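Observations on chain architecture
Given next are the chains, with one letter for each unit.
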Amino acid sequence: MRSDEGGAARRAGALIVSLLLALGGGARAGAAPTLTVDLASKTAWTFRPEGETAARTLPVPAGGWRLNGFPKASAGTYERRITIPQLPGQTAQVTQIAFEAVNWEATVWVGPDAAHLQEVGRHLSAWTSFRMDISRAVTPGRSALLRVAVRDRNSFKDAEGHFTVPAATEWNDRQARGILRGVTLQVYPTAYIDDVFVRPDTRANTLAYDVTFINADRRPRTVIWSETILAHALGGLRRSDVAHRTRVLPPGQTTKVTIRQAWRLGRASWWFPNVPYRPGYRPPLQRLTLRLYDGPKQATELAQSTQSTASQTESVRFGFCTPGQSGAFYTLNGVRVNLRGDSLPEGTIGTDAFARLPGFLPPRPGNPGWPGAVRNYLRLNYNVVRMHQVPCTRYMMDVCDELGLLVIPETAIRGAGGPKENVAVQPEAFATHLRELIMRDRNHPSVFKWSLENELFGAPEAFIRRLYDVCRETDGTRPCSLDDNAEYPNWPGFAVIEHYTQGLGADQIARDPDAIGGHPRRDRPYGQGEYIWPRGNSPQGAAWWGALTRTMRFHDNADLRPYTLLDVWPGVIPGLTPTNFPDPALPPVSLEQGGRSLLNPADP
């Protein structure tokens, strides 16, 4: 895949261990606050299911309420007391509550006590991170009561029983409910960096970044920021600093500034996936750090080259790479790349599995964790995984960056398998869901393209166009696609990857021994995003899978992903076996193909 870059990449790989130590954690949506308080707790939160009068202690996040004593609840209210931290030496600040995910609707109230709560916001999505400004309802240095009322997806159905929100696997009631994956209290200065989006371009050899400022003050504010890039190239790490940049922020407004500069480190600094697999290879990663200085005193100190403390520091790790598509093919850094991989469905594994099962977490004694799973994929020469219907965690994305596995993040917007979602009732819930997914993950070099929906067969073109526009507005640097069989116009950077065009299971081989895969095209990439199901769990499944994939490769498919490797090899995720991963307390107790896998080869 890497063409003439292979030799340089191999030489660069030996230096990456020190790079990872230097660069630390991964990309992040939303800039880092000045102060952070983790609100996760086993004892501080209470939960009262809708219709009940008494509240009980509930661990948060811990996979949601259905795994923690409330298996039948579809709505309820969380509460806990919080203490609002205060920025040192500041008379004003911005205080926010940040949720990694709340499934599905969260209405948030804050106040000094239960009699004086103010509603500060409402959010409707699932598995995506968001923040709410609670500044007007709290006093720095004092305590407050936080209340979060949550309704799950069952509250959002039309008269025919169709979900009107991104619901993921609608046939499976195992989806997690409530506050998931993390919740924090965050404090910013009144003029602050809200987001940074890094945009490398290997074609022009430039690095651009968009920095979004918010001025919550009633008066204009002059901010100064410094920029440092810690970059890896052949020969080791390089540090570059630039002169301070200045911007006047209008009162009460959001301002986006774009910075573009030359990138002079050459191909040795480019990010490529680890295919063909080499155990010691690590793709190069870089880091951009911005330090924000606010106010006349800090500006004077900087001008006089005296010591000044930054009011905020934002650091973003990235890889220098450029995904793209050209005609019927995909490209990465100008090199054609054929996507060959898997679709990984949390919905068939267990409730909030990505955030709680050992095979998706950091290594621990007896389990190599998600890094072990990524290496399992890579040693099969897979180069891509579609995070099917449920967005994965930030940690999972970081590991894919570090080990060199491409990712296709996919929304929870879904059609087949039951009454498909009604996208007409509240279309902005779907747009918000997609936008937040992209905002969180767009700085990750492992993200190759975005999957806008799964099998929403026959969706109105205007709705698909709305998703496409949201995607391109939020991240215009990558392709996007649908896992669907519909025919939509040939928009730039867009494709439809088909499913089951040869039929289902064993019938695929009998009907079409020379399977083509997706319908061949010249104007955009084509492929087959799912095939073999529902017989992948049978003893013959692996052979059918391999034979069908091999024939499709002869037809130049740009994207091939049989459904799903868990059917053939549950142990691709360390610790999973054919019988241990559905949640027995929540229906259904079997995998979606109608039974548990008969296979789990020790050495696939």
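Conventions and cut-offs
- Residues numbered from 1 in each chain as written.
- Predicted model: local features only at pLDDT ≥ 70, side-chain atom pairs only at ≥ 80, totals over all residues.
- Heavy atoms only, no water.
- Helix = DSSP H or I, 4+ residues; strand = E, 2+ residues; numbered from the N terminus.
- Buried < 20%, exposed > 50% of the residue type's maximum accessible area, 1.4 Å probe, protein only.
- Areas by Shrake-Rupley, 256 points an atom, 1.4 Å probe, with all protein chains shown as cover.
- Pairing = 2+ DSSP bridges.
- pLDDT = per-residue confidence, 0-100.
- Contact = heavy atoms within 4.5 Å.
- Axes fitted to C-alpha atoms, helices over the stretch in contact; angles between N-to-C directions.
- Salt bridge = Lys/Arg side-chain N within 4 Å of Asp/Glu carboxyl O.
- Polar contact = N/O pair within 3.5 Å; in protein donor to acceptor, adjacent residues only side chain to side chain.
- Core = buried A, V, L, I, M, F, W, Y, C linked by side-chain atoms within 4.5 Å.
- 1 Å grid on protein atoms, 1.4 Å probe; cavity = no way out; pocket = protein on both sides within 12 Å on 5 of 7 lines; lining within 4 Å.
- Points joined across faces, edges and corners; volume = space filled by probe spheres on them.
- Nonpolar A, V, L, I, M, F, W, Y, C, P; charged D, E, K, R; others polar.
- Parallel < 35°, antiparallel > 145°, perpendicular 65-115°, else oblique.
- Left-handed = near helix turned anticlockwise from the far one by under 90°.

**Some details on the overall build of the protein chain**
Check the secondary structure of the protein chain and you find 11 helices and 27 strands. A burial count over the protein chain gives 61% of its 604 residues as buried. Here the protein chain displays about 22,500 Å² of accessible surface, and carbon together with sulfur accounts for 52% of that area.

**A closer look at the sheet that holds strand β20 (residues 339–345)**
Judged by pairing direction, the sheet is parallel, and its eight strands sit side by side in the order β22-β21-β20-β27-β26-β25-β24-β23 without closing on themselves. On the outer flanks of this sheet lie β22 (406–409) and β23 (450–454), each paired with one strand and no other. For strand β21 (residues 384–388) and β22, the ladder comprises four bridges, and the chain directions are parallel. Bridging across to β22, Val384 finds its partner in Leu406.

**Description of the environment of Ala543**
Mapped onto the elements, Ala543 comes out in helix α10 (residues 541–553). Spatially, the C-alpha atom of Ala543 lies 9.9 Å from that of Val568, the residues being 25 residues apart in sequence.

**Digging into the confidence of the model for the protein chain**
Close inspection of predicted coordinates is inappropriate in any region flagged by low pLDDT. Looking at the protein chain, pLDDT values average 89 and 89% of them are 70 or higher. Counting contacts from residues 1–23, a segment whose pLDDT is below 50, to residues more than four positions away or on other chains yields 51 contacts.

**Details of the sheet that holds strand β11 (residues 206–215)**
An order of β10-β11-β14 is seen for the three strands of this open sheet, with the pairing classed as antiparallel. The open sheet has two free edges, formed respectively by β10 (191–201) and β14 (254–262), since each of these has just one partner strand. Neighbouring strand axes in the sheet, compared pairwise and without regard to direction, differ in orientation by 15 degrees on average. For β11 and β14, the ladder comprises nine bridges, and the chain directions are antiparallel. In the strand pairing of β14, Leu207 is matched with Gln261.

**Considerations on the pattern of salt bridges**
Applying the stated rule across the entire model yields 35 salt bridges. Linking Asp398 and Arg317 is a salt bridge whose minimum nitrogen-to-oxygen distance equals 3.9 Å. With Asp398 in helix α6 (residues 394–403) and Arg317 in strand β16 (residues 312–318), this residue pair connects regions lying 81 residues apart in the sequence. Exposure remark for Arg317: the relative accessible area of 1% places this residue in the buried category. The shortest N-O distance in the salt bridge between Asp556 and Arg336 comes to 3.1 Å. A residue pair is termed long-range when its members are at least 10 positions apart, and Asp556 in the loop between α10 and β27 (559–560) and Arg336 in strand β19 (residues 335–337) qualify at 220 residues. Asp556 sits in the partly exposed class, given a relative accessible area of 33%.

**So, α6**
Counted residue by residue, α6 has seven buried out of 10 residues, so it is predominantly covered. Buried within α6 are the following residues: Met396, Met397, Asp398, Val399, Cys400, Asp401 and Leu403.

**As for the side chain of Glu410**
Take Glu410: it is sitting in the loop between β22 and α7 (427–441). Residue class for Glu410 comes out buried when judged on its relative accessible area of 0%. Of the polar contacts made by the side chain of Glu410, one reaches the side chain of Arg386; its length is 2.7 Å. Among all residues touching Glu410, those that are not within four sequence positions of it are Arg386, Met387, His388, Gln389, Val390, Pro391, Leu437, Ser451, Glu453, Asn454 and Asp483.

**A short note on the nonpolar core**
Of all hydrophobic cores here, the largest spans 78 residues; its most connected members are Leu344, Phe360, Trp370, Tyr377 and Ile573. Those residues in contact with Phe360 that lie beyond four places of it in its chain are Leu344, Ile349, Ala353, Phe354, Trp370, Tyr395, Met396 and Ile573. Membership of the second largest hydrophobic core comes to 42 residues, among which are Leu265, Leu290, Phe318 and Cys321.

**A short note on the layout of surface pockets**
Looking at the second largest pocket, its volume works out to about 530 Å³. The wall of the second largest pocket is formed by 25 residues, among which Arg340, Leu380, Asn381, Tyr382 and Thr549 lie closest to the centre. Those elements that provide at least two residues to the lining of the second largest pocket are β19, β20, α10 and α11 (565–568). When the residues that make up the lining of the second largest pocket are grouped by side-chain class, the tally is 15 nonpolar, six polar and four charged.

**Some thoughts on the packing of α7 against helix α8 (residues 461–474)**
The N-to-C vectors of α7 and α8 enclose an angle of 30 degrees; their axes lie 9 Å apart at closest approach. As far as their axial angle goes, α8 and α7 are roughly parallel. Regarding α7 and α8, the two cross each other, and that crossing is right-handed. Residue-level inspection shows Glu428, Phe430, Ala431, Leu434, Arg435, Ile438 and Met439 of α7 in contact with α8, the latter providing Phe463, Arg466, Leu467, Val470, Cys471 and Thr474.

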